[in-house]
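# Notes for the structure review
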Amino acid sequence: MLNYGPRDYDRPRDYDRVDVNEDDGHKFYGYDSDDGRTAWYDEHNNLDCITPTPLDDD
């Protein structure tokens, strides 16, 4: 049986934050940098975009 979904070793690890797209349910994993930006990766570890680091609402 072939499985083309993401494998455990393909998934992002040690991320700083997770965001879920409310429209389609896709998860994005954010890695914060020291310069105030966050790089967002999809579940297959592909870079999606880089944004200003979101403020934590805690």
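Scroll up to find the structure.
Residue numbering note: each chain is counted from 1, following its sequence as written. Given that this is a predicted model, residues contribute local features only at a pLDDT of at least 70 and side-chain atom pairs are listed and counted only at 80 or more, while totals for whole chains, interfaces and linings are drawn from all residues. Excluding hydrogens and water, the side-chain figures rest on all heavy atoms present in the structure.

Helix numbering and strand numbering both begin at the N terminus, where a helix is a DSSP run of H or I of at least 4 residues and a strand a DSSP run of E of at least 2. When helices and strands are counted, the chain shows zero helices and four strands. Counting over 58 residues, the chain shows a buried share of 16%. Each accessible area is a Shrake-Rupley estimate made with a 1.4 Å probe; only the visible protein chains count as cover when residues are assessed. A total accessible area of about 4,900 Å² is found for the chain, and carbon and sulfur atoms account for 45% of it. Exposure classes here rest on a 1.4 Å probe applied to the protein chains alone. A residue is buried below 20% of its type maximum, exposed above 50%, and partly exposed in between.

The next thing to look at is unusual backbone geometry. Although it is not a glycine, Asn45 sits at a positive phi angle of roughly 70°. Mapped onto the elements of the fold, Asn45 is located in the loop between β3 (37-41) and β4 (47-52).

Attention shifts here to the packing of aromatic side chains. Here the aromatic set is Phe, Tyr and Trp, taking the six-membered ring for Trp, and pairing holds for ring centres within 6.5 Å; pairs whose planes are under 30 degrees apart are stacked, those over 60 apart are edge-to-face, and all others are tilted. All told, the structure shown has two aromatic pairs when counted by the stated rule. Geometrically, the ring pair formed by Tyr15 and Tyr29 is tilted, given 4.7 Å between the ring centres and 50° between the ring planes. Separated by 14 residues along the polypeptide, Tyr15 in the segment before β1 (17-20) and Tyr29 in strand β2 (residues 27-32) bring together distant segments of the chain. The class of Tyr15 is partly exposed, set by a relative accessible area of 38%. In this structure Tyr29 comes out as buried when scored by relative accessible area, which is 9%. With a centroid separation of 5.5 Å and 85° between ring planes, the pair formed by Tyr31 and Tyr41 is classed as edge-to-face. Of this pair, Tyr31 sits in strand β2 while Tyr41 is found in strand β3, placing the two residues ten residues apart along the sequence. For Tyr31, a relative accessible area of 22% corresponds to the partly exposed category. With a relative accessible area of 23%, Tyr41 lands in the partly exposed category.

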